[in-house]
Amino acid sequence: MATFLYKLGRFAFRRRHFVALMWVALLTLAGVGAASAPVAGASSFSIPGTEAQKAFDLLESRFPGMSADGATARVVFKAPEGEKMADKDNKATVEKTVKVLRTGSEVTSVDDPFATHTVSKDGSVAYTSVKYKVSGMELEDSSKDALESAAQDARDAGLTVEVGGDALQATPETGSTEVIGIAIAAVVLVITFGSLIAAGLPLLTALIGVGIGVSTITALASALDLGSTTSTLAMMIGLAVGIDYALFIVSRYRAELAEGREREEAAGRAVGTAGSAVVFAGLTVVIALVGLSVVNIPMLTKMGVAAAGTVAIAVLIALTMIPALLGYAGRRVQPAGKKSRLLGGGRAAKKEGKPNMGTRWASFVVRRPLAVLLLGVIGLGAAALPATSLELGLPDDGSQPTSTTQRRAYDLLSDGFGPGFNGPLMIVVDAKASDAPKAAFTKVTDEIKGLKGVVSVSPAVPNKSGDTAMITVVPDSKPSSVKTEDLVHSIRGTGGEIKADTDATVLVTGSTAMNIDFSQKLNDALIPYLALVVGLAFLLLIVVFRSILVPLKAALGFLLSVMAALGAVVAVFQWGWLSGLMGVEETGPIMSMMPIFMVGVVFGLAMDYEVFLVTRMREAYVHGEKPSQAIVTGFRHGARVVTAAAVIMIAVFSGFIGSSESMIKMIGFGLAIAVFFDAFVVRMAIVPAVLALLGKRAWWLPKWLDRALPNVDVEGEGLRALDEKRRDGDEDRELARV
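Residues numbered from 1 in each chain as written. Predicted model: local features only at pLDDT ≥ 70, side-chain atom pairs only at ≥ 80, totals over all residues. Heavy atoms only, no water.

Details of the overall build of the chain
Right, on to step 1. Scanning the chain from N- to C-terminus turns up 24 helices and eleven strands.
Right, on to step 2. Within the chain, counting contacts between residues at least 6 apart in sequence, those at least 24 apart form 79% of the total.
Right, on to step 3. Here the chain has roughly 31900 Å² of accessible surface; of this, 59% comes from carbon and sulfur atoms. (Helix = DSSP H or I, 4+ residues; strand = E, 2+ residues; numbered from the N terminus. Contact = heavy atoms within 4.5 Å. Areas by Shrake-Rupley, 256 points an atom, 1.4 Å probe, with all protein chains shown as cover.)

Here is the structure:
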């Protein structure tokens, strides 16, 4: 592989005009496609194979006019202190509001609180449900304005009015911190390279790669049903790996220049050596992201595949456009150890022979490996402790900031009707196979009324053909509580007896049941997903490092870092530690997809640093150095660059903590803290300590496996053979001249 990539690097350097035009053309094409594509609506959310999804699909087929996926709004009214909603003026205000809401062009139905008895027992709170033909993201601005205007008119009449539901959901914003993250990355690159030109190359190529990836996702969003979170995730990961991959190749290029090579030769060797590490690091990230498809949740699969495509683009750009841009930069990119005139006057950055920080740190770890190993493991173990109290769930209006009307509506309903009123359960009774459908509906209603934790059960509402009915159940606990989950399981448990007696099938759905099934499906898929991703990457790393223990150590180190990162997420987003600093206005359960998503993404990113750092160690080892000296050599060449790459990735991920969407905020924080733990504790401390303790055994590989494995030549042995051939050819020509 090193020889092929070496030739690719030299080709891109020589044919820089062709390569640059090709990538600019792709960026333009993707941009035009994104600009001309129809605006995508909200991505559909489905959980194939779950009871909640089966019930949802049954509702759509048996109740065709109900728009099961349409937006909903709950307009909640509260009477002034000492008054009742049934008072003449208050009742007239509510009836006027209902009348105005019914005139909306996208409205399918509006309930009258006094006709449907949706008034609290004490008479102080009432609400009306508004249902729309389209989803919240597809609602016209005029419909949202009409809803807000009707609520404001009722407020002006003296009532407290808040609006819940998804009809007023806003498009998430990332905030200015995203730009700050990129600015920090730029500063780190300038410090690392001592040159504005060299620092600008990774940023430029990363932005081009992300531009192509995100524009392509936007162009295909409507056709492939991709949500806004998909492009945000692709941008987050694409920026981080794009900068890092380019950083490693530019750094190796400068090191090759420092050894006296010509610029074209240096570009070829940089792509042949560091580029090989980029390819395998990118493969681990792609495997981890595409592997999310095993969970069999379409939304998660689309997010993973889209992000993986952006990573693949970042790899290709690093291998081709970086050497092309290095050709354009010429002598303005200085050899390693020198700064540009603007930042250092072309003087040497440090005295010759003085060991750098990476060398000194590695020497310390090699001398005290056991102490460093124990300190690192104990520290990460302590950080992981909060993960033992991890509570999973999906955000609802109760997790919104108290400043939002959705959260205030949620609180008013909880106060007036009880905490379970915000998460009613929808029971679907399929009595098509029953001889007495009405009797089956009555039996289901009676059975559910007798269950513990039920506040109210509505009468069965049959469809036109009378073979299917809907029953609404209000629990006595909030939607995200364990008691509500137990009630869902209890209702489903009665389904077997009811089917045996009446031949009717009982299914539980609704947003609360969907959240429960979603969490359960993710929990069930975690172990198989972990086995698949770690297993495939383990085999890949065996090929790269030609060792058994090094990949095993890499996988175990990853588990430490991801558990510590989950512990930090729980501490901030569930316990509320440093929540003000992170902009977390409301704590609550951790999103159900967070553990499995972090396992996938963090594993891929963790292997980046493993590949970049340890390949330099193996390169030194196979060239004759002792194991302990190889560790020091690897750190001398790679520690500074890996540190810069980690700081850049942390800065980019931290930039998304400013997002208005809780999912993006949590992912940004989780990935940033995970990179910190993995890069600076696992890869910089635990890895060299373990390798020092193992010695030569770290690089042991059974002979039969060594013969069976393909030789991918990450260390660049093929390039050394190429050098020898050139030297032999030069000597032959010299002798011929003599």
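Let's talk about the pairing of strand S6 (residues 425-430)
Every regular strand shows the same layout, with side chains that alternate between the two sheet faces.
Right, on to step 1. Counting buried positions over the six residues of S6 gives five, a clear majority of the element.
Right, on to step 2. Bridging between S6 and strand S9 (residues 468-475) involves six bridges; their strand directions are antiparallel. In the sheet register, Leu425 faces S9, and the bridge partner there is Val473.
Right, on to step 3. Pairing between S6 and strand S10 (residues 505-509): five bridges, direction antiparallel. In the sheet register, Asp430 faces S10, and the bridge partner there is Thr505. (Buried < 20%, exposed > 50% of the residue type's maximum accessible area, 1.4 Å probe, protein only. Pairing = 2+ DSSP bridges.)

Here's the deal with the nonpolar core
Right, on to step 1. Grouped together as the largest cluster of nonpolar side chains are 190 residues, with contacts concentrated most on Tyr245, Ile249, Tyr253, Leu300, Ile427, Met598 and Phe653.
Right, on to step 2. For this core, the element with the most residues is helix H22 (residues 662-694), which contributes 20 residues.
Right, on to step 3. Every residue in contact with Met598, bar those within four places of it in the chain, is listed here: Val562, Ala565, Leu566, Val569, Phe603, Gly670 and Ala674. (Core = buried A, V, L, I, M, F, W, Y, C linked by side-chain atoms within 4.5 Å.)

Some words on the packing of helix H3 (residues 51-62) against helix H17 (residues 511-545)
Packed helix pairs are characterised by how far apart their axes lie and by the angle those axes make with each other.
Right, on to step 1. Two elements in contact, H3 and H17, have axes separated by 8 Å at closest approach and are oriented at 140°. When the interaxial angle is binned, H3 and H17 end up oblique. For the pair H3 and H17, contact is made by Glu51, Ala52 and Gln53 and by Ala513, Met514 and Asp517, respectively.
Right, on to step 2. Broken down by class, the residue content of the contact of H3 with H17 amounts to three nonpolar, one polar and two charged. (Axes fitted to C-alpha atoms, helices over the stretch in contact; angles between N-to-C directions. Parallel < 35°, antiparallel > 145°, perpendicular 65-115°, else oblique. Nonpolar A, V, L, I, M, F, W, Y, C, P; charged D, E, K, R; others polar.)

Focus: helix H9 (residues 263-290)
Right, on to step 1. Of all bends in H9, the biggest is about 40°, found at Gly275.
Right, on to step 2. The element H9 is largely enclosed, with a buried count of 23 among its 28 residues. (Bend = angle between axes of the 7 residues up to and from the residue.)

Considering unusual backbone geometry
Right, on to step 1. Phi is positive for Asn296, close to 65°, though the residue is something other than glycine.
Right, on to step 2. Its place among the elements puts Asn296 in the loop between H9 and helix H10 (298-329).
Right, on to step 3. Even without a glycine there, the phi angle at Arg546 is positive, about 50°.
Right, on to step 4. Its location among the elements puts Arg546 in the loop between H17 and helix H18 (549-574).

A few points about a negative patch on the surface
Right, on to step 1. Residues Glu140, Asp141, Asp145 and Glu148 make up a contiguous surface patch of negative charge.
Right, on to step 2. Here Asp141 lies in helix H5 (residues 141-156).
Right, on to step 3. Owing to a relative accessible area of 56%, Asp141 belongs among the exposed residues under this scheme. (Patch = residues over 30% accessible without salt bridge, like charges linked within 9 Å, V, L, I, M, F, W, Y side chains within 5 Å. Salt bridge = Lys/Arg side-chain N within 4 Å of Asp/Glu carboxyl O. Lys, Arg positive; Asp, Glu negative; His and termini not counted. Charge placed at Lys NZ, Arg CZ, Asp CG, Glu CD.)

Concerning a nonpolar patch on the surface
Right, on to step 1. A cluster of nonpolar side chains, namely Phe11, Phe18, Met22, Leu26 and Leu29, defines an oily patch on the protein surface of about 470 Å² accessible area.
Right, on to step 2. Top element by residues in the nonpolar patch is helix H2 (residues 16-36). It accounts for four residues.

Overview of the side chain of Arg254
Right, on to step 1. Relative to the helices and strands, Arg254 resides in helix H8 (residues 228-258).
Right, on to step 2. Judged by relative accessible area, which is 6%, Arg254 ranks as buried.
Right, on to step 3. Here Gln334 takes part through its backbone oxygen, which lies 2.9 Å from a polar atom of the side chain of Arg254. (Polar contact = N/O pair within 3.5 Å; in protein donor to acceptor, adjacent residues only side chain to side chain.)

Describing the packing of helix H1 (residues 2-14) against H10
Right, on to step 1. Interhelical geometry of H1 versus H10 gives an angle of 45° and a closest axis separation of 7 Å. On the basis of their axis angle, the class for H1 and H10 is oblique. Regarding H1 and H10, the two cross each other, and that crossing is right-handed. Residue-level contacts link Leu5, Leu8, Gly9, Ala12 and Phe13 of H1 to Leu319, Thr320, Pro323, Ala324, Leu326 and Gly327 of H10.
Right, on to step 2. For the contact of H1 with H10, a count of residues per class yields eight nonpolar, three polar and no charged. (Left-handed = near helix turned anticlockwise from the far one by under 90°.)

Thoughts on the packing of aromatic side chains
Right, on to step 1. As enumerated under the stated definition, the model contains nine aromatic pairs in all.
Right, on to step 2. Relative to Phe421, the ring of Tyr127 has its centre 5.2 Å away and its plane inclined at 70°; by these criteria the two rings are edge-to-face. Pair noted here: Tyr127 is in strand S3 (residues 125-132) and Phe421 is in the loop between helix H14 (405-417) and S6, with a separation of 294 residues, a long-range link. The residues Tyr127 and Phe421 share a single accessibility class, namely buried.
Right, on to step 3. Ring pairs connect the aromatic residues Tyr127, Phe417 and Phe421, which therefore count as one cluster.
Right, on to step 4. Against the face of Phe13 rests Arg16, its NZ or CZ located 5.0 Å from the ring centre.
Right, on to step 5. Taking the ring centre of Tyr127 as reference, the NZ or CZ of Arg74 above it sits at 5.1 Å. (Phe/Tyr/Trp six-rings, centres within 6.5 Å; stacked < 30°, edge-to-face > 60°. Lys NZ or Arg CZ within 6 Å of the ring centre and 35° of its normal.)

Any link to function would need more than the numbers given here.
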